[in-house]
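Structural overview for review
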Amino acid sequence: MEEELARVCSIAAELVAGKQASASSDKFKALAAEGLLTLLRLRKNNRILAQSTEELKEDTSKAKTHLEQADLQLQNLLYEKQYYEKEIRSCRSFRSAVPDEVVSLQPVEAFWASDDEDLKQIARDKGTEHELMLQRLAQEIRLRKKLQSDLDGLKQAKIEVTKKVQEQTKVLKDLQSTLKSLEENAKPLQSVLSGYPALKGLGRGHADLLPLPLYVLYSQLAAAKDALNLPVSVTIHGQVEEAEAFARQTLADPDDQTTGAAATQSADDVQPSRKRQRLSPIPAPKNDAYKVHPLTVQLDVLKEQSSKPSDVMISVKFQYLVNIKLVTAQCDSAADNQLLAALFPSDDGSRVPSEAVAQMESGTFRFDVSRPAKPYRWCQHLAGLDFVPALPLATQLQNGSEQALVLDGLDTYRKQQRVVTVVSRLRAVKEANAALK
């Protein structure tokens, strides 16, 4: 550009010199054209230089803006650095009421032994102490969040349980007032019932020591007396200590002694699975077949419209034979025992009412009729022992000779043990058939 300016200056000097020397017009025209071209090139160069200057200004402005932003970011970082340093100093100088050993992070060994595989993998990949500390902190906050969640759940459960307890306490308080009112209302009835003869003897508290058949007999007689106002007295007698020992022995070995069969089941239905497995002839009990339970139930029949003990017409004592599971009845006098034997037709107590007992000793068991207490069928009915009779009712109503013939045949049937023989043969045939296959 300086060369162009120098050229323009030289052309201008030549034009001035030519004008003074009166040079030709062609030379003036040639110099003027060359000068014009040189000016155009100068203008072009000037425009290019102006554009470059503008671009340089724009770049400078951008650089200045970037520098200002960097400076501002630097100032922010320096401020954050000062803030973090201040917080670090504050945290390090903090002294909690709880020692650091109690709330500190878990040991490194516990971190590597935990189930947080993702955190352990990140710590292994980075391999720096700083990253290990970060992952330990992440594990700690994860663990504490879980513990906080469990704590919230337990608090909510506690609130619900407390609410239920309060509701139940309110119900109990309301029930207590109701029971007090009921007790006050029941006192007149209690005073009326307390003098009943059915409550005498050992008391109803000892009724739980009775075997089940005697308990049913006692409860039914006492209930009938109270409900129907019968002129009777029902009492329990016997040795309480021996009854308690017998009850403890029964609980310790229920298969050895039992307080009685179910009230509405026959003796043939008691322990059916064990009876089906026993194919040999039914042996006699190991102990005395006539072993009596320590407690007895006594029924005193009084005169009409009388409740005095001296007005007893007849007293019947009910006993329970624990080994053969039968209820017997007897009176203190022989004359009254004869009345018991004639109380119902064909029920003099000479034959046992249970077919299971009759088949003991290979079908030869006979009840000792010399004993004053006999197992009448009506005793079993009062005690809730409803045995299936060995023969149908029509056979029992036959005349003397025919009935004796049927009973002799039944005795022969028992001695032959036909049921045991057939069942044994069936089992043997089935086992032999299975062995052949």
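Residues numbered from 1 in each chain as written. Predicted model: local features only at pLDDT ≥ 70, side-chain atom pairs only at ≥ 80, totals over all residues. Heavy atoms only, no water.

**Thoughts on the overall build of the chain**
Scanning the chain for helices and strands turns up 16 helices and four strands. Considering the chain as a whole, with its 437 residues, one finds that 26% of them fall into the buried category. Residue pairs at least 24 apart in sequence account for 68% of intrachain contacts in the chain once pairs closer than 6 positions are excluded. As presented, the chain carries roughly 30300 Å² of accessible surface, and 57% of it is formed by carbon and sulfur atoms. (Helix = DSSP H or I, 4+ residues; strand = E, 2+ residues; numbered from the N terminus. Buried < 20%, exposed > 50% of the residue type's maximum accessible area, 1.4 Å probe, protein only. Contact = heavy atoms within 4.5 Å. Areas by Shrake-Rupley, 256 points an atom, 1.4 Å probe, with all protein chains shown as cover.)

**Here we look at the sheet that holds strand S4 (residues 326-330)**
Pairing is antiparallel across the open sheet formed by four strands, whose spatial order is S1-S2-S3-S4. The open sheet terminates on both sides in strands that have one partner only, identified here as strand S1 (232-238) and S4. Here the average twist between neighbouring strands, direction ignored, is 25°. (Pairing = 2+ DSSP bridges. Axes fitted to C-alpha atoms, helices over the stretch in contact; angles between N-to-C directions.)

**Topic: helix H8 (residues 240-252)**
Between its first and last C-alpha atoms H8 spans 18 Å; for 13 residues at 1.5 Å apiece the expected length is 18 Å, and the two agree. When H8 is considered as a whole, its buried residues turn out to be Val240, Ala243, Phe246 and Thr250. Looking straight down H8, one finds that the buried residues subtend no more than 120° of arc, so they occupy a single side. For H8, the exposed residues set more than 90 degrees away from the buried face come down to Glu241, Arg248 and Ala252. (Expected span 1.5 Å × (residues − 1). Arc of directions from axis to C-beta.)

**Details of the side chain of Ser315**
Tracing the chain through its elements places Ser315 in strand S3 (residues 312-321). Among the polar contacts listed, one links the side chain of Ser315 to the side chain of Asp300, at a separation of 2.7 Å. Ignoring sequence-local partners within four residues, the contact set of Ser315 consists of Gln298, Leu299, Asp300, Gln330 and Cys331. (Polar contact = N/O pair within 3.5 Å; in protein donor to acceptor, adjacent residues only side chain to side chain.)

**Here's the deal with the side chain of Asn337**
Tracing the chain through its elements places Asn337 in helix H10 (residues 334-341). A polar contact of 2.6 Å, which involves the side chain of Asn337, links it to the backbone nitrogen of Cys331. Contacts of Asn337, omitting those with residues within four sequence positions, involve Gln330, Cys331, Pro372 and Tyr376.

**Considerations on the packing of aromatic side chains**
A complete count under the given rule lists five aromatic pairs for this structure. Taking the centre distance of 5.2 Å and the plane angle of 70° together, the rings of Phe111 and Trp112 count as edge-to-face. Judged by its relative accessible area of 0%, Phe111 falls in the buried class. On the accessibility criterion, Trp112 (34% relative accessible area) is partly exposed. (Phe/Tyr/Trp six-rings, centres within 6.5 Å; stacked < 30°, edge-to-face > 60°.)

**What to know about the pairing of strand S2 (residues 295-302)**
Among the eight residues in S2, seven count as buried, and that is most of the element. Alignment of S1 against S2, held across seven bridges, turns out to be antiparallel. Residue pairing for S2: Val232 is matched across the bridge by Val301.

**As for unusual backbone geometry**
Positive phi, close to 55°, is recorded for Asn229, a residue that is not glycine. Its location among the elements puts Asn229 in the loop between helix H7 (212-228) and S1.

**Regarding the pattern of salt bridges**
Evaluation of the coordinates by the stated rule reveals six salt bridges. Taking the shortest distance from any N to any O, the salt bridge between Arg142 and Asp116 comes out at 3.3 Å. Of this pair, Arg142 sits in helix H6 (residues 129-193) while Asp116 sits in the loop between helix H4 (108-113) and helix H5 (117-126), and the two are 26 residues apart along the sequence. Judged by relative accessible area, Arg142 falls into the partly exposed class, the value being 37%. Its relative accessible area of 17% is what places Asp116 among the buried residues. Close ionic contact of Glu131 with Lys126 constitutes a salt bridge, the shortest N to O distance being 3.8 Å. Note on Glu131: relative accessible area 11%, which makes it buried. Several salt bridges share partner residues, and in doing so they unite Asp116, Asp118 and Arg142 into one network. (Salt bridge = Lys/Arg side-chain N within 4 Å of Asp/Glu carboxyl O.)

**With respect to the confidence of the model for the chain**
Residue-level pLDDT values for the chain average 78, and 76% of them are 70 or greater. No element of the chain has a lower mean pLDDT than helix H9 (residues 272-277), which averages 40, and none a higher one than S4, which averages 92. Here residues 195-201 is modelled with pLDDT under 50, and outside its nearest four sequence neighbours on either side it reaches 19 contacts, counting other chains as well. In the model, residues 257-284 has pLDDT below 50 throughout and makes 69 contacts with residues more than four positions away in sequence or in other chains. (pLDDT = per-residue confidence, 0-100.)

**So, the state of the cysteines**
By definition, a disulfide links two cysteine residues through a covalent bond between their sulfur atoms. Tallying each qualifying case throughout the model produces zero disulfides. Cysteine Cys331 is unpaired, with the sulfur of Cys379 as its nearest cysteine sulfur at 9.8 Å. (Disulfide = S-S within 2.5 Å.)

**Regarding the nonpolar core**
The biggest cluster of nonpolar side chains holds 42 residues, and the ones touching the most others in it are Leu210, Val297, Phe318, Ile324 and Val327. Among the elements of the structure, H7, S1, H8, S2, S3, S4, helix H11 (355-358) and helix H13 (377-382) are those that each provide at least two residues to this core. Sort the elements by how many residues they give to this core and S3 lands first, with five residues. (Core = buried A, V, L, I, M, F, W, Y, C linked by side-chain atoms within 4.5 Å.)

**Observations regarding a negative patch on the surface**
Residues Glu54, Glu55, Glu58 and Asp59 make up a contiguous surface patch of negative charge. Note that Glu55 resides in helix H2 (residues 25-92). (Patch = residues over 30% accessible without salt bridge, like charges linked within 9 Å, V, L, I, M, F, W, Y side chains within 5 Å. Lys, Arg positive; Asp, Glu negative; His and termini not counted. Charge placed at Lys NZ, Arg CZ, Asp CG, Glu CD.)

**Considering the environment of Lys374**
If you trace the backbone, Lys374 turns up in the loop between helix H12 (360-363) and H13. Residues Lys374 and Gln319 lie 55 residues apart in sequence; the distance between their C-alpha atoms is 9.5 Å. Other than its neighbours up to four places away in sequence, Lys374 contacts Val327, Thr328, Ala329, Asp348, Gly349, Phe367 and Val369.

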